[in-house]
Amino acid sequence: MYCELLLRSANSLLKRGLETTTQNCVEKPSRPRGRINFPQSIRCRVRGDRSLVCEYDVTSRDTYLNAILKTALCSLENCEIEQNRKRGLRRTISRFFEVGALDPKKIEWPDQYPRSLEWYRIPIELSRLVLMHRIQSDGGSSVMAGLVDSLTMPRLFERFVFEYYRREHREWAVSAPYIKWDIDDESTDYLPIMKTDITLQRARRSLIVDTKYYENAMQEHFGSVSQRSTNLYQIYTYVKNYRAFRPAHEKVSGLLLYAKTDESTLPDQFYSISGNEIGVRTVDLSACFDDIRKELDEIPKRYLS
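Presented here is an overview of the structure given in this document. (Residues numbered from 1 in each chain as written. Predicted model: local features only at pLDDT ≥ 70, side-chain atom pairs only at ≥ 80, totals over all residues. Heavy atoms only, no water.)

1. Notes on a positive patch on the surface
Here is step 1: Judged by side-chain charge, Lys15, Arg61, Arg95 and Arg170 come together as a positively charged surface patch.
Here is step 2: Its location among the elements puts Arg170 in the loop between helix H6 (152-168) and strand S6 (173-175). (Patch = residues over 30% accessible without salt bridge, like charges linked within 9 Å, V, L, I, M, F, W, Y side chains within 5 Å. Areas by Shrake-Rupley, 256 points an atom, 1.4 Å probe, with all protein chains shown as cover. Salt bridge = Lys/Arg side-chain N within 4 Å of Asp/Glu carboxyl O. Lys, Arg positive; Asp, Glu negative; His and termini not counted. Charge placed at Lys NZ, Arg CZ, Asp CG, Glu CD. Helix = DSSP H or I, 4+ residues; strand = E, 2+ residues; numbered from the N terminus.)

2. Focus on the sheet that holds strand S15 (residues 276-283)
Here is step 1: Strand order in the open sheet formed by six strands is S6-S9-S10-S13-S15-S14, and the pairing between neighbours is mixed. The sheet terminates laterally at S6 and strand S14 (269-273), the two strands that pair on one side only. When strand polarity is set aside, the average angle formed by the axes of neighbouring strands in this sheet is 20°.
Here is step 2: Two elements, strand S13 (residues 251-259) and S15, share six bridges in a ladder whose sense is parallel. Pairing of Gly254 across the sheet is with Ile278, part of S15.
Here is step 3: On the sheet, H6 packs against S6, strand S9 (198-202), strand S10 (205-212), S13 and S15 and is oriented at approximately 20° with respect to S9.
Here is step 4: Sheet contacts for helix H8 (residues 289-304): S9, S10, S13, S14 and S15; angle to S15, the most-contacted strand, approximately 175°. (Pairing = 2+ DSSP bridges. Axes fitted to C-alpha atoms, helices over the stretch in contact; angles between N-to-C directions. Contact = heavy atoms within 4.5 Å.)

Set out below in structure tokens:
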């Protein structure tokens, strides 16, 4: 998943155009180029060198952000990934031929990005995950660390699902809108903000997907296993308030999408609550990407077809 996300982000940057920098070059070309540096040229003449010293600007892609991205891509070459994806990885790396690599241990990670480089945020954060969570195995091959920060992985899972639907299924409108509260008066003081993770729309149907990444997808109370109540309340609230502002003929459904765990009981249910469909599903992120693709493709077919 790391490799797929980083490849997609890097290729998106390449299509948009990598960040460039301008470097001042001073040399003695065989023919005049750019601006002639007269003081240095005169000094050369005094020493018997009849060459002209010229100054000109050179545009280069060898910037610090591009170097971070190339370093992360190169680090994945030794990982155990599928051959077709490894070939794609090598093709992408070859397009960074102008860019140098860095020492992963000495990288200074940016905290802020200027507006002109805001689209670098996701690929650089993915690069941070790749480089900071790699370990050396006893055999010397590079493998991904199994433990990722509890705040980072849920966000990564959410972005993965969002970007998958946005890029692979253009027949659906994919967004992550804010939802208004269906209130009877104008007062919204202290009401929490409702923002969906992923909303899929097609024809007269909408599906609100809320991704969840937990060590345990189900909750247990005195030996009884059940759905996480707070998550069900949340998705139900999203659906009911979103439905209030949609056309009367539109069907609005909700889905809690969990990353699959090794629990014996996993959420895979479908409920009809007050006329609204609420589903609970899991996706196995440890499977090969073709299996993940199949699982994700089946979800909208169930609710948007």
